[in-house]
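Report on the structure
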Amino acid sequence: MNASDVKATLSFSDGSPSMDLPIYKGSIGPDVIDIRKLYGQTGKFTYDPGFLSTASCQSAITYIDGDKGELLYRGYPIEQLATNCDFLDTCYLLLYGELPNEQQQRDFHKLVNNHTMVNEQMQFFLRGFRRDAHPMAVMTGLVGGLSAFYHDSTDINNPKHREIAAIRLIAKMPTLVAMAYKYSIGQPYIYPKNNLSYAGNFMRMMFATPCEEYEPNDVLVRAMDRIFILHADHEQNASTSTVRLCGSSGTNPFAAIAAGVACLWGPSHGGANEACLNMLEEIQQMGGVEKIGEFIKQVKDKTSSVKLMGFGHRVYKNYDPRAKLMRETCHEVLTALGLENDPLFKLAMALEKIALEDEYFVSRKLYPNVDFYSGIVQRAIGIPVSLFTAIFALARTVGWIAQLNEMIADPEYKIGRPRQLFVGAERRDVPPLDKR
Ligand code: SDX
């Protein structure tokens, strides 16, 4: 980051001494005001619950322009990556900063493929869960449990440990998600097959059985790979910030990623794709397209706490570029499967059209986000609704670990420890029991 010639001057109306705050410029996007000396010089904190105006770090990985609806991974537009690259190329890019050449691509694919199996003991973790446990509960446990098997790669300050932990996590998430699925339907686990592509391997572990070979459908495999690319990273979103804060204590990378899985589960975040599909099915039950108006009325009624799931975003105040690509993929997959008249897809497009013309959504700059169409695509591929967020976690693991490793490699990083505005009871003495 570069110091700007412009400074911010903070002055107080009570005549307290003012102070100059340095401003830094990034390569693109908003400048930042450096407030690191604020408390030391003024005895005051800044106040920004939800971090709407706070940059928690400097990063070179992903950039979002919310007004333009632009998403760049290491400078490359998501539209170009989703069209010209596969997910492992995207992983390489997020981890190392450049797209791989042919040799690097071959080596990286081989490296990841060499780590797709999990320790046989992992299956006994699963046995502790009920078969109908939510897959995100299972994944939070399994990912955290990985740290018990890799004592050779848990020193987050060792660059080699950071790299092998990243490869292990990227390689093993598909295996763990597929195991969670197979466990929930009472089918045997399918081992990874390393001559398949990353997405092809995942689809086979999900849908093959020991009784017959699984013939991957190329359109579905390509769609799965694109879903992974679109979900790979997204600046300092809630789960990435969780991973950074968790990792800042020096804990091992598996534990930090498990914290990210737990945070992503929430319906305001990664859980929105599951909530969005359930919302579409609910409207379908109510009567479908004719009932959209009634549903929108509930959304606008503040006492109802009903939200249009898959709409709105903290940063995008324009159309989420991933939603556009997801809608395209949706159409491709449904057409390939002869489901172009899928009622939920038609309902989603009708809902989108109505919302985008409704003043309530327009005035609040609420547009479809990545979760609005992803559920329809995944359902068409055969993924159960309850597994949608686990798929999101599978894809986001590379973003989480790239961001974590970037933080740890930054010599300026320190353990995160926010302060507060205290509004509770002032000092008082404990009264005797008979006086309470
Ligand atoms: C993801 O951060 C990321 O980058 C996340 C993510 C990633 O890749 O990591 O992009 C993935 O989490 C996408 C978002 C998925 N969540 C949903 O689809 C859930 C529905 N969306 C909302 O919960 C909401 O839009 C958020 C949480 C996504 C964003 O909320 P903000 O930025 O805190 O906005 P807000 O709640 O302050 O909303 C501003 C106004 C409010 O109305 P008023 O009080 O001004 O009258 O817009 C309204 C909100 O009530 N609003 C909605 C709405 N989202 C916001 N009203 C109806 N439906 C919605 N979906």
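Described below are features of the structure shown in this document. The structure presented is a predicted model; accordingly, all values stated were derived computationally and were not measured.

Here the structure, examined in full by the defined rule, presents 16 salt bridges. Across the salt bridge formed by Arg-204 and Glu-213, the nearest N and O atoms sit 3.3 Å from each other. A relative accessible area of 11% places Arg-204 in the buried class. Residues participating in the shared-partner salt-bridge network are Asp-34, Arg-36 and Glu-412.

Take Glu-352: it is sitting in helix α15 (residues 343–356). Excluding its chain neighbours within four sequence positions, the residues that come into contact with Glu-352 are Phe-311, Tyr-319, Arg-327, Pro-368, Phe-372 and Tyr-373.

A few words now on the sheet that holds strand β1 (residues 2–10). Strands pair in a sheet through their backbones, by hydrogen bonds, and they do so in one of two ways: parallel or antiparallel. On the basis of which strands lie adjacent, the open sheet formed by 3 strands has the order β1-β2-β3 and antiparallel pairing. Each edge of the open sheet is held by one strand with a lone partner, namely β1 and β3 (32–33). Judged from the 6 bridges that link them, β1 and strand β2 (residues 19–25) form a sheet pairing that is antiparallel. The residue of β2 that forms the bridge with Lys-7 is Pro-22.

Counted under the stated rule, the structure contains 18 aromatic pairs. For the pair Tyr-181 and Phe-207, a centre-to-centre distance of 6.3 Å together with 70° between the ring planes defines the contact as edge-to-face. A residue pair is termed long-range when its members are at least 10 positions apart, and Tyr-181 in helix α7 (residues 159–185) and Phe-207 in helix α8 (residues 198–207) qualify at 26 residues. For Phe-207, a relative accessible area of 22% translates into the label partly exposed. Just above the ring of Tyr-183 sits the side chain of Arg-131; from NZ or CZ to the centre is 4.2 Å.

Pairing is antiparallel in the open sheet, where 3 strands are placed in the order β4-β5-β6. Only two strands of the sheet have a single neighbouring strand rather than two, namely β4 (62–65) and β6 (76–77). Two elements, strand β5 (residues 70–73) and β6, share 2 bridges in a ladder whose sense is antiparallel. By the bridge assignment, Tyr-73 is partnered in β6 with Tyr-76.

A word on the site of the ligand. The immediate surroundings of the ligand are formed by 24 residues, with His-234, Lys-302, His-313, Arg-322 and Arg-396 found nearest. With respect to the ligand, the side chain of Lys-302 contributes an N or O atom lying 2.8 Å from an oxygen atom. Within the side chain of Arg-364, a nitrogen or oxygen atom sits 3.1 Å from an oxygen atom of the ligand. Taken by itself the ligand offers 1000 Å² of open surface, and the protein chains cover 76% of this. Taken together, the residues of the shell around the ligand break down into 9 nonpolar, 8 polar and 7 charged.

This paragraph deals with unusual backbone geometry. We note that Phe-51 has phi near 55°; this positive angle belongs to a residue other than glycine. Its location among the elements puts Phe-51 in the loop between α1 (38–42) and β4. Even without a glycine there, the phi angle at Glu-235 is positive, about 55°. Locating Glu-235 in the fold gives a position in the loop between α9 (218–230) and α10 (238–247).

Reading the values: rules and limits
Residues numbered from 1 in each chain as written. Predicted model: local features only at pLDDT ≥ 70, side-chain atom pairs only at ≥ 80, totals over all residues. Heavy atoms only, no water. Salt bridge = Lys/Arg side-chain N within 4 Å of Asp/Glu carboxyl O. Buried < 20%, exposed > 50% of the residue type's maximum accessible area, 1.4 Å probe, protein only. Helix = DSSP H or I, 4+ residues; strand = E, 2+ residues; numbered from the N terminus. Contact = heavy atoms within 4.5 Å. Pairing = 2+ DSSP bridges. Phe/Tyr/Trp six-rings, centres within 6.5 Å; stacked < 30°, edge-to-face > 60°. Lys NZ or Arg CZ within 6 Å of the ring centre and 35° of its normal. Near = heavy atom within 4 Å. Polar contact = N/O pair within 3.5 Å; in protein donor to acceptor, adjacent residues only side chain to side chain. Areas by Shrake-Rupley, 256 points an atom, 1.4 Å probe, with all protein chains shown as cover. Nonpolar A, V, L, I, M, F, W, Y, C, P; charged D, E, K, R; others polar.

Keep in mind these values describe shape, not function.
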